[in-house]
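# Structural features, examined
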Amino acid sequence: MKKALITGVTGQDGSYLAEFLLQKGYTVYGLVRRASAANTGRIAHFCQDPHDSATQFHLVHGDLTDAASLRRILSEVNPDEIYNLAAQSHVMVSFELPVYTGDVVALGTVRILESMREIGSKARFYQASSSEMYGNGSKNAIHEGTSFRPSSPYAISKVHSYWTTVNYRESYGNFACNGILFNHESPRRGETFVTRKITLGVANIVAGKQDFIHLGNLDAKRDWGYAPDYVKAMWLMLQQENPDDYVIASGEAHSVKEFLHEAFAHAGLDWQKHVRIDPRYFRPTEVHALLGDATKAKERLGWTPSTSFKELVHAMVEADLQLIQEKRLPALEEEPV
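Quick look at the structure, then.

Rules of the game
- Residues numbered from 1 in each chain as written.
- Predicted model: local features only at pLDDT ≥ 70, side-chain atom pairs only at ≥ 80, totals over all residues.
- Heavy atoms only, no water.
- Buried < 20%, exposed > 50% of the residue type's maximum accessible area, 1.4 Å probe, protein only.
- Helix = DSSP H or I, 4+ residues; strand = E, 2+ residues; numbered from the N terminus.
- Pairing = 2+ DSSP bridges.
- Right-handed = clockwise from strand over helix to strand, strands pointing away.
- Axes fitted to C-alpha atoms, helices over the stretch in contact; angles between N-to-C directions.
- Contact = heavy atoms within 4.5 Å.
- Salt bridge = Lys/Arg side-chain N within 4 Å of Asp/Glu carboxyl O.
- Arc of directions from axis to C-beta.
- Left-handed = near helix turned anticlockwise from the far one by under 90°.
- Nonpolar A, V, L, I, M, F, W, Y, C, P; charged D, E, K, R; others polar.

## Some words on the pairing of strand 2 (residues 27-32)
Most of strand 2 sits out of view: six of its six residues are buried. Residues Thr 27, Tyr 29 and Leu 31 point to one face of strand 2 and Val 28, Gly 30 and Val 32 to the other, with burial holding for every one of them. Relative to strand 2, strand 1 (residues 3-7) is paired through five bridges, and the arrangement is parallel. Bridge pairing in strand 2 places Leu 5 opposite Tyr 29. Handedness of the crossover joining strand 1 and strand 2 through helix 1 (residues 12-23) is recorded here as right-handed.

## Digging into the sheet that holds strand 5 (residues 124-130)
Spatial strand order, 3-2-1-4-5-6-11: seven strands in an open sheet with parallel pairing. At either end of the open sheet lies a strand with only one pairing partner, and these are strand 3 (57-61) and strand 11 (246-248). Adjacent strand axes in the sheet meet at a mean angle of 20° when their direction is disregarded. Here strand 5 pairs with strand 6 (residues 176-181) via six bridges, running parallel. Note on strand 6: the bridge partner recorded for Gln 127 is Asn 178. Along the sheet, helix 4 (residues 98-119) makes contact with strand 1, strand 4 (81-84) and strand 5, crossing strand 5 at roughly 170°.

## Quick notes on the pattern of salt bridges
Pairs can form between side chains of opposite charge whenever their charged atoms are close. Scanning all chains against the criterion turns up 15 salt bridges. Residue Asp 244 is joined to Arg 300 by a salt bridge in which the shortest nitrogen-to-oxygen separation is 3.1 Å. On the criterion of sequence distance, the pair formed by Asp 244 in the loop between helix 7 (227-237) and strand 11 and Arg 300 in helix 9 (residues 295-300) is long-range, its members being 56 residues apart. Overall, Arg 300 belongs to the exposed group, its relative accessible area being 52%.

## Comments concerning helix 2 (residues 67-77)
Among the residues of helix 2, Ser 69, Leu 70, Ile 73, Leu 74 and Val 77 are the ones counted as buried. Looking down the long axis of helix 2, one finds its buried residues gathered within 130° of arc, a one-sided arrangement. Buried residues along helix 2 sit against strand 1, strand 2, strand 3, strand 4 and helix 4. Looking one or two places after helix 2, you find Asn 78, whose phi comes out positive at around 50°.

## Overview of the environment of Asp 320
Considering the arrangement of structural elements, one finds Asp 320 in helix 10 (residues 309-325). C-alpha of Asp 320 to C-alpha of Thr 199: the two residues are 121 residues apart in sequence and 6.6 Å apart in space.

## Description of the packing of helix 1 against helix 7
Orientation of helix 1 relative to helix 7, taken along the N-to-C sense of each, is 65°, at an axis distance of 9 Å. Taken as a pair, helix 1 and helix 7 cross one another with a handedness that is right-handed. Touching Gln 12, Asp 13, Tyr 16, Leu 17, Phe 20 and Leu 21 of helix 1 are Ala 227, Pro 228, Val 231, Lys 232, Met 234 and Trp 235, all from helix 7. For the contact of helix 1 with helix 7, the per-class residue count stands at nine nonpolar, one polar and two charged.

Below you can see the structure in the form of structure tokens.
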């Protein structure tokens, strides 16, 4: 039975990946930081009693800023596969907290790979890279050979992690892969990301709890896919004979305005009556459009996305409408996205 360690297991991707690996028969260890309040809502449905010897899912406490905790966990767990998904992942927040973002995102990757080297771990390593690394550097569909031009502290930190992963692969022979994932969403997306902010807003407006949502640049275009499809691609990368780097994307770009139209129309609403533009939500440096070319992943991994843009938007709206019917809808946070 294979063992996998997932950092960022409580996030959108981490929760879907843990589910996927458990279904594959893995024993899964999820790294979480110690905190005064638990943040395990996305994984509660498969978090069993930690004292149950039959459980295949375990939480372990550590931190990407603490190399000693990482070495301890790697030594104790001895995983076959490591998926590094943890990050300070809000682009706007990275402008406010650039040092912290770099410590977690850039140096966190170094700490994991160096800890692996120090203890002699032969685990296969997956690094969650990001389409944000490309910034406004390309007007064409982005592939693995496209040059990086990061436009935020978050993106800069992800570029650092990307090259760190490549360096350990080339210098020490690690089986280390970069998954360059373009935007991927789901009903488990964090409430401050623009897509979920929109679908939460729709549900709250339908319920009469608010009249408007406040957004920034509606013309920004992104290549949006479905998160469960993308975690499968992560796993496929670590099953190959040789390590490599892959772009994972839907191959379609849609604007925030298009997302608004689909989401509000699905609920029978006109988005233009309920959206207000707020300067707080414009980033210091805007990335105008990102479109990915996943040809390599399709040819070598046999990976293809299964969910269309419209299906994704509708599923997210339906999930939030269901939450409000069950009176479990989280409050809409008015924070920059």
